[in-house]
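Structural overview
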Amino acid sequence: MATLMDSVAQSGPRLRPAIGSISLSFAVALFVLATANQSFWAKTSIYFSGTVGARAALALGLAALFSVICISLSMRFLTKPLFIFLVLTSAVASWFMDRFGVLLDVEMIRNAAETTRAEASNLITPAFAWHIFALGLLPSMLILWVRVDHRPFFAKARRNTAFVVPLLLIAAVAASMQMRLLITTSREHRDWLASLNPVAPIVNVIRYAASNGNEKDIVVKTLGADAHVVSDAGRKPRVLVVVAGETARADNFSLGGYPRPTNPELTARDITYFSQTTSCGTATAVSLPCMFSVYGRDDFSHRKGLETENLLDVLSHAGLAAAWWDNNTGSKGVADRVAYRYFPNEPDPRFCTDGECQDGILLDRLVPWLDGVNKDTVLVIHQLGSHGPSYFERYPEAYRRFKPDCRTPEIANCTDEELINAYDNTIAYTDHVLSTIIDELKRREDRLDGSMIYMSDHGESLGESGLYLHGAPYLIAPKQQTHVPFVLWLGARAGTSMDKACLQQRANEPASHDNLFHTVLGLMSVATTVYDPALDVLSSCRPARSS
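Report on the accompanying structure. (Residues numbered from 1 in each chain as written. Predicted model: local features only at pLDDT ≥ 70, side-chain atom pairs only at ≥ 80, totals over all residues. Heavy atoms only, no water.)

1. Comments concerning the pattern of salt bridges
This structure, assessed with the given rule, holds 28 salt bridges. The closest approach of N and O atoms between Asp348 and Arg350, which form a salt bridge, is 2.7 Å. Using a relative accessible area of 55% as the deciding quantity, one classes Arg350 as exposed. With a closest N to O distance of 2.8 Å, Arg542 and Asp536 form a salt bridge. Each of the two residues, Arg542 as well as Asp536, counts as buried. Salt bridges sharing partners connect three or more residues here, namely Asp348, Arg350, Asp364 and Arg365. (Salt bridge = Lys/Arg side-chain N within 4 Å of Asp/Glu carboxyl O. Buried < 20%, exposed > 50% of the residue type's maximum accessible area, 1.4 Å probe, protein only.)

Put into C-alpha cells, the structure is as follows:
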C-alpha cells in the first residue's frame, strides 16, 4: 500500500502539464483578444471597411500589446490570480457588450452598482451562465490546473524584457503604419475603443471607484431656501403626481404617431403630449437625479446632483408635502430628505413575485393616499414601467394585447416581432396606469386641484443597429434611447387658467428633462429665485402671477 501511495505521489505532478509563464501569457492574451471582443472586431470591420491591411496591422499590434500586458503581469504568486481575473472580467463584459451592444462606461457601471438583486436576476439567465462557464470558468480552471514554470527573478526579468521590447516595437510599427486612420476612427467613433475588452471596462471600473471614493465627504448645499407658495385665498389643495417612467421610448407611443394602439386610454383623456422630448441620460442612475436637479443636462454631473438639494427639497422649503414612492431600483439620492416608500419591501402577492412588483401596486395604494391629502402635495411615483430584458413580467395577462410576445429574458432568442410585441404590451400597461391616476384625481376634483406629469427617464433599444436595452454613452446614443415620452394632464386648470392653443403649440416644440424642475414649481405656484420661467413649459401659456 505504501509503495502504491508513493507511486501515485510521484506520478501526480506529471498529470499536471507544465507551461512557461511567457507561453501562458501569450495564450491568455490571444484568447481574450479573440473570444471577448466580438463587438470590437465587428466595429473595426465597419469603420475600417475596405482596408484589409489596416485591420491586419491593428490585430497584430493589439496582439502584441495584450501580450506585453500579460507578460508584465506574470509574476510569481500573482500570475494565476491576475490571469483568472482578466479572463473572468472579459467573459462577463463580453456578454453584455456582445449580446446587447452596451458599452461599460462609468455611468453604466454606476447603474450596475446601484441595481437591486431582483433587477440583476433578470440578466442571470441559462445562456449567461453557459457563456461564463465556457469563456470564463473553464479557461480559469485550466489556468489553475497547469503548473507555471518561473525562472529566478533576474533571469525572468531578462527573459521578459527580451520579449516585451520586440513586442512593443511590433505594436509601434503597426500603429505608425495606420496612425491617421487610428486617430480619425477613434475621434469620429467614440464607441470603437470603448468596446475594447477588457481594457475599457477595467479602466472605467477604476474611474468609478475613484469618483465614488471622492463623494464620501460631500456636504449638501441648500437650494431654494426662499421658496414660498403664492397665496390664492379659498382655493382647494393642489396635488401633483409626477410619474417618473422607466425605459419608455417615445417611438412606441401612439400619442406621438406610432401606428399601433399603445395609448388607447390616454388618447381618450384631455392630456397634452410633448412629442419632441429628450432625456438627460440613457441610464436611470444619470437621468433620474438629473430630472429633479436644478442643473440642465449640459451642466449636470453626478457629483453636482449629490452636493446640491433638488426639486423635492425646494418644494419642502416652500411648505408643501413631498413624497417618493418607488417601484424600481431606488431614488438615486433624490428622495433622501423626504417621505419615502419602497414597494418591493412591501410584497403583495397580487402584484409581486421574486422581489419585483408590477405597477398595479401603485394604483392600489394611490386611492387611500389621495383620500388623505389635505394640503399642497407633490407625489413622485417611480415606475418599474418597461424595464428589460424581462418585458413580459411588467404587465398582467389582461394587457397581453400584442401576441406572440417574447416570454423570456433571453431576448436575443426571440424574433423581432415577439420582442416588439412584449415591449408594446409594457407601454399599453403604462397607458392604463397613467389613465387610472388621472381618473382618480378627477374623482376628487370637488376637494383637490389635481394634475399629473409623466416623463420617462430614458428610452430603449430593441435591436436597431444591433443594440438592445439602454445605457449607451450619450454622445453616440441612438435616438431610441434619448427620445422619451412626456405627458401632461392639468385637470380643471386646463380650462380655466391655461391658453390651450398656446399649450398645444408649445407641445410641438422641443422639450427635455431640463423642463421638469421649473414646470413643477410653476404648477405648484412656488415662487423662488431658482425658478426659471423660460424652462417652465407652461409659463408662456398662463396668466402672469404675482409673487
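Picking up where we left off.
2. What to know about helix H22 (residues 514-523)
Across the ten residues of H22, nine count as buried, placing the element largely inside the fold. Restricting attention to buried positions, one finds in H22 the residues Asn515, Leu516, Phe517, His518, Thr519, Val520, Leu521, Gly522 and Leu523. Looking one or two residues beyond H22, the residue adopting positive phi is Ser525, at roughly 55°. (Helix = DSSP H or I, 4+ residues; strand = E, 2+ residues; numbered from the N terminus.)

3. Examining the side chain of Glu309
Within the secondary structure, Glu309 is located in the loop between helix H15 (302-307) and helix H16 (311-317). Of the buried charged residues, Glu309 lacks a salt bridge, with Arg337 as the closest side chain of opposite charge at 4.4 Å. A polar side-chain atom of Glu309 sits 2.7 Å from a polar atom in the side chain of His317. If near-sequence neighbours (up to four positions away) are discounted, Glu309 is found in contact with Val220, Lys221, Thr222, Leu223, His317 and Arg337. (Lys, Arg positive; Asp, Glu negative; His and termini not counted. Polar contact = N/O pair within 3.5 Å; in protein donor to acceptor, adjacent residues only side chain to side chain. Contact = heavy atoms within 4.5 Å.)

4. Description of helix H21 (residues 500-507)
Where H21 is concerned, the buried positions are Cys502, Leu503, Arg506 and Ala507. Taken end-on, H21 shows its buried residues confined to a sector of 140°, consistent with a single buried face. Turned more than 90 degrees off the buried face of H21, the exposed positions are Ala501 and Gln505. Residues of H21 that are buried sit in contact with strand S5 (272-273), strand S16 (486-489), strand S17 (511-512) and H22. The backbone nitrogen of Ala501 lies 3.1 Å from a side-chain oxygen of the residue at the head of H21, namely Asp499. (Arc of directions from axis to C-beta.)

5. Quick notes on a nonpolar patch on the surface
A contiguous nonpolar patch, built from Trp130, Phe133, Leu137, Leu138, Met141, Leu142 and Trp145 and spanning about 710 Å² of accessible area, is present on the exposed surface. By secondary structure assignment, the location of Phe133 is in helix H8 (residues 126-145). Take Phe133: its relative accessible area is 31%, and that puts it in the partly exposed class. (Patch = residues over 30% accessible without salt bridge, like charges linked within 9 Å, V, L, I, M, F, W, Y side chains within 5 Å. Areas by Shrake-Rupley, 256 points an atom, 1.4 Å probe, with all protein chains shown as cover.)

6. Re the side chain of Asp348
Position of Asp348 among the secondary structure elements: in the loop between strand S8 (339-342) and strand S9 (352-353). Residues within four places of Asp348 in sequence aside, it is in contact with Ile361 and Arg365.

7. So, the packing of helix H2 (residues 21-35) against helix H9 (residues 153-177)
Two numbers describe how H2 lies on H9: the axes approach to 11 Å, and their chain directions differ by 35°. Facing H2, whose interface residues are Ser21, Ile22 and Phe26, H9 presents Lys156, Arg159, Asn160, Phe163 and Leu167. Among the residues making up the contact of H2 with H9, the classes are represented as four nonpolar, two polar and two charged. (Axes fitted to C-alpha atoms, helices over the stretch in contact; angles between N-to-C directions. Nonpolar A, V, L, I, M, F, W, Y, C, P; charged D, E, K, R; others polar.)

8. Section: the sheet that holds strand S6 (residues 277-278)
Adjacent strands of a sheet pair through backbone hydrogen bonds, lying either parallel or antiparallel. The mixed open sheet is built from three strands, whose spatial order is S15-S6-S17. Each having just a single partner strand, strand S15 (483-484) and S17 make up the two edges of the open sheet. Two strands pair when backbone bridges link them, and S6 and S17 are joined in this way by two bridges, in the parallel orientation. Counted as the bridge partner of Thr277 is Ala511 from S17. (Pairing = 2+ DSSP bridges.)

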